[in-house]
Each structure stands twice: as structure tokens, then as C-alpha cells.
Amino acid sequence: MFRNSAHGGRTKRFCLRLGVIVIAVSVIAACSGSDSGGDSNDSDGTKLTGDPVKVMTITSLNSQGPVFPMIKTTAEAYEKWINSNGGINGRPLETVICDDQGQATQASACARKAVEEDVVAAVGSYSFFGDAIVPILEDAGISWFGTCCAATPLELTSDVSFPVGSSLMYAVGFIQRAHEDGCKDINAVVIDGAQSYIEPMENAMKAYGMAFKQDPIILPQTSQDDGPYVARATKDSDCIVMVVSESLWKPWFAAYKAAGAKQRLYGPQGNLDAVSIKGFEDVAEGSIIAGSYPDIAAEPWADFREALEEADAPDDQDFNSLGGLGTWAGYSGFTQIASNLTDLNAKSFMEAAAATTNLDLKGMVPPIDFTKPWTDGLKGYERLFNRSVYFSEVKDGKIVPLTTEPANMSDLALGIAPQ
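Predicted model, so just to flag it, every value in this text is computed and none were measured. (Residues numbered from 1 in each chain as written. Predicted model: local features only at pLDDT ≥ 70, side-chain atom pairs only at ≥ 80, totals over all residues. Heavy atoms only, no water.)

Across its full length, the chain carries 14 helices and 15 strands. Residues classed as buried in the chain amount to 55% of the 419 residues present. Pairs at least 24 apart in sequence give 68% of the contacts found in the chain among residues at least 6 apart. Looking at the chain as shown, the accessible area adds up to about 17200 Å², and 49% of this sits on carbon and sulfur atoms. (Helix = DSSP H or I, 4+ residues; strand = E, 2+ residues; numbered from the N terminus. Buried < 20%, exposed > 50% of the residue type's maximum accessible area, 1.4 Å probe, protein only. Contact = heavy atoms within 4.5 Å. Areas by Shrake-Rupley, 256 points an atom, 1.4 Å probe, with all protein chains shown as cover.)

Next up, the structure:
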């Protein structure tokens, strides 16, 4: 679908290294991405013309709770990459980043800004406050498109919500793997705001004739002293499944190590990751990771890896994550649909997304049919179109893929054991 941008990347790097004023207009254009008239060019010198295709990405960047800078970095890298590869039908993509600051009021403000900016869609976002965002987008006819992790009631039911990731199904995957690993006594720890993950996990436990040893433990988003929570989670258990954000793993590991705990841990892709285990590799060893996407080393992410290199992405952000992979997949899905529209606006995009029967992202996720909500599944989870997960393991201090093919969790989430 997209042309290879390796040549453009080499040209830009050469120009940066050159360090002198270059007079030739063609070289200036290759370095700056624009000509003297202000029109952007792709890597082959083709002008991007017309009004920009404006979209917004919303996430938490400055917050006392979890933050997701990799979402911002990925969205900006995608904008740069797609504009170097022909844009959207020859038009430049313009990404507006909005920080919800970990607050519902700011999340609403981001949604209102999306309306004011007349964006085509909100793409590749993640916020704990989806229910503060979706009603405003609904009223304006703007799609909440390509999210990795729809978790709030309106994200899971609204007709403007088009998640690409399998969201809370990774938590169902925890239960499947824990059962296969021989766990008998399981406890659950869930970050406050992600309570919607509990019901499908409990259904999966019932499918195996099991129940959590105690009610799922709710971990505050700003938790720093995890000693009491570790004590509860490790009581009479052999395994612990954890729906916990990246920034909360280090304080957990510290308390876990201090307690001398040995239970096997199960955590989400990009949260239990290379960043969060650093310094606690011995504690994390053998932990299992479940997520919506195959490992970043897989073939579907070749363009993503190239784009991150071209953008000189920070080393301290984990892009092998629900945030990184999810935002790239969301933008890729947006481009696939938007590129088929000659008159592209919020209304036409919404209609096209709702009519899409085969969003094929070439292995980033299984093909998605947005015309078939999960009406025969969990009540209140109808917008979970993708219900498949992948698994990895912490081995010798590194994240190592365990599976390369998606495992569908639909039945298990309903309490039906795999045959």
C-alpha cells in the first residue's frame, strides 16, 4: 500500500550530517520536506497538496497517574512517515496531540478541541476517561477510531467507537495461560479505572471451574507503597494476574522483592515490559505477558520500526506496547479507510468505517469487520470487534515472544472453556 521510504530517510540523514548550506533546490526540498511554496513533498519528490487531513490523538502525558508518551511519539512518527510516502491521497496528514493530564475535565476539553479543530477523527488514542470524551465526539459526528484498549462503558458500546486492539481480552488471556501453566490459586490486581476487565476474567475462571482466591484487588493509579497490596495478592496464591500500567510496576516489583514473593506474574503488553522490569529482571523472570498485537520484531511492524528510526525515537519509551503498536495500527487502519474516500471529512469517514467489512492490517491484528458488533457476546462490550491475543515471556531479562498466531478469547470471556 505504501512506497518504501528508505531512500528518503537516507537523504534526510545525509543532509543533517552535511552541516553546510546547500544551494540546490532539490536537496533543500529533500531535507526540509517542503518547497519554496510551502507544499510538502514525499520521499520521491511528489508534492502533497490540498488541505491537511487533520486528526487528533488524546492521551495522558503530564499526570500524577500513568502516562503514555509512546502514544504521542508514535502518532508523530506516523505523520512524518505517511507524509514521506504519499500522504492521504496526496494530502498531508496533520496530527494534533492533546494531553488529558489524567483528568476527566481535561479529557472533555480535548474532545471539545477536536470539534473546534474540525478533525476527521480521533485516532490511536488511549485515555482512562473515554466516557468523558465519547459523548462530545458523538454529538459532533466524530469517530473515536483505532484505540488499543477500549475499556469504559461508552467506548465499548457507542457507535462512534471503532477499537482496533482487543483491549480487555488480554486479561482473559491471562487466565488461559495461567490455567495452562498449572496455576491453582489465582489472585487479581486491577488498576483503578479498569474495573471493566474483571467480569470477563471472572467468566474465564468459571470456565475452568475456578474462582479468584479473593475479590480482585484495586490498585490506586498513584500508588507508591505497594506493600499492603502485595501482602493481599500473595496470600494463599500461586499466581497473580495484573491489569496494571507501566509506571506502577516498579513500585510493585520493589514491594514484591522485599516480601520475598515467588508467585508467577501475568501482565499486559507494554506495561510489563523492558522499561518496567529494568532493575528487577530477577523478580520479573518467567512472567507472562498478554496483549493485542504480535511482537514488534514481527514482519507487520517493518514500517513502524523504520519510522521510529527515522524519527530518532527516545530509547526510554517502550514501543513494543499497547500504546506504541496500538497507535501505529490505529493510524494504519485510519489511512486504509480514508484513502478510499475522495470527499474526506468526519461524516464520510464515520460512514466508511461503519461499512468496513475487512480492515486488513496485514497481521498487526486479525482482519476486522466493523459491521458486526459482538451482539452475541458480553452485554455492554458490543464494540469489541477484535478479541484475539498474543503472548510473550520475560526470559533472561528480555521480552521473548511465546506465540505468533492470534488466540481468540471470545468463548472464554463468556465462560466457555476452549475445546
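Back to the text.
The biggest cluster of nonpolar side chains holds 134 residues, and the ones touching the most others in it are Trp252, Phe253, Phe334 and Phe349. Broken down by element, this core gets its largest block of residues, eight residues, from helix α12 (residues 322-338). What phenylalanine 253 contacts, discounting residues up to four positions off in sequence, is Leu265, Leu272, Ser276, Ile277, Phe280, Val283 and Ala284. (Core = buried A, V, L, I, M, F, W, Y, C linked by side-chain atoms within 4.5 Å.)

Residue serine 167 is not a glycine yet carries a positive backbone phi of 50 degrees. Position of serine 167 relative to the elements: it lies in the loop between β7 (161-162) and α6 (169-180). If you check the backbone angles, aspartate 396 has positive phi at about 55 degrees while not being a glycine. Assignment of secondary structure puts aspartate 396 in the loop between β13 (388-395) and β14 (398-401).

It is worth spelling out the packing of aromatic side chains at this point. Summed over all chains, the structure comprises 22 aromatic pairs. Both rings, one in tyrosine 293 and one in tryptophan 301, keep their centres 6.1 Å apart while their planes meet at 80 degrees; by these two values the pair is edge-to-face. Classification of tyrosine 293 by relative accessible area gives buried; the value is 1%. With a relative accessible area of 0%, tryptophan 301 lands in the buried category. Ring geometry for phenylalanine 304 versus tryptophan 328: centroids 4.9 Å apart, planes at 25 degrees, classification stacked. Of this pair, phenylalanine 304 sits in helix α11 (residues 302-310) while tryptophan 328 sits in helix α12, and the two are 24 residues apart along the sequence. (Phe/Tyr/Trp six-rings, centres within 6.5 Å; stacked < 30°, edge-to-face > 60°.)

Take the pattern of salt bridges next. If you walk through the whole model with that rule in mind, you get 10 salt bridges. The shortest N-O distance in the salt bridge between lysine 72 and glutamate 76 comes to 3.0 Å. Taken together, the positions of lysine 72 and glutamate 76, both in helix α3 (residues 69-83) and four residues apart, correspond to about one turn of that helix. Here lysine 72 falls in the partly exposed class, since its relative accessible area comes to 31%. (Salt bridge = Lys/Arg side-chain N within 4 Å of Asp/Glu carboxyl O.)

Moving on: the environment of threonine 95. With respect to the secondary-structure elements, threonine 95 resides in strand β4 (residues 93-99). A sequence separation of 43 residues divides threonine 95 from proline 52, and the C-alpha atoms of the two residues are 9.4 Å apart. Those residues within four positions of threonine 95 in sequence are excluded, and the remaining contacts are Val55, Thr57, Ala75, Glu79 and Tyr331. There is a polar contact of 3.4 Å between the side chain of threonine 95 and the side chain of tyrosine 331. (Polar contact = N/O pair within 3.5 Å; in protein donor to acceptor, adjacent residues only side chain to side chain.)

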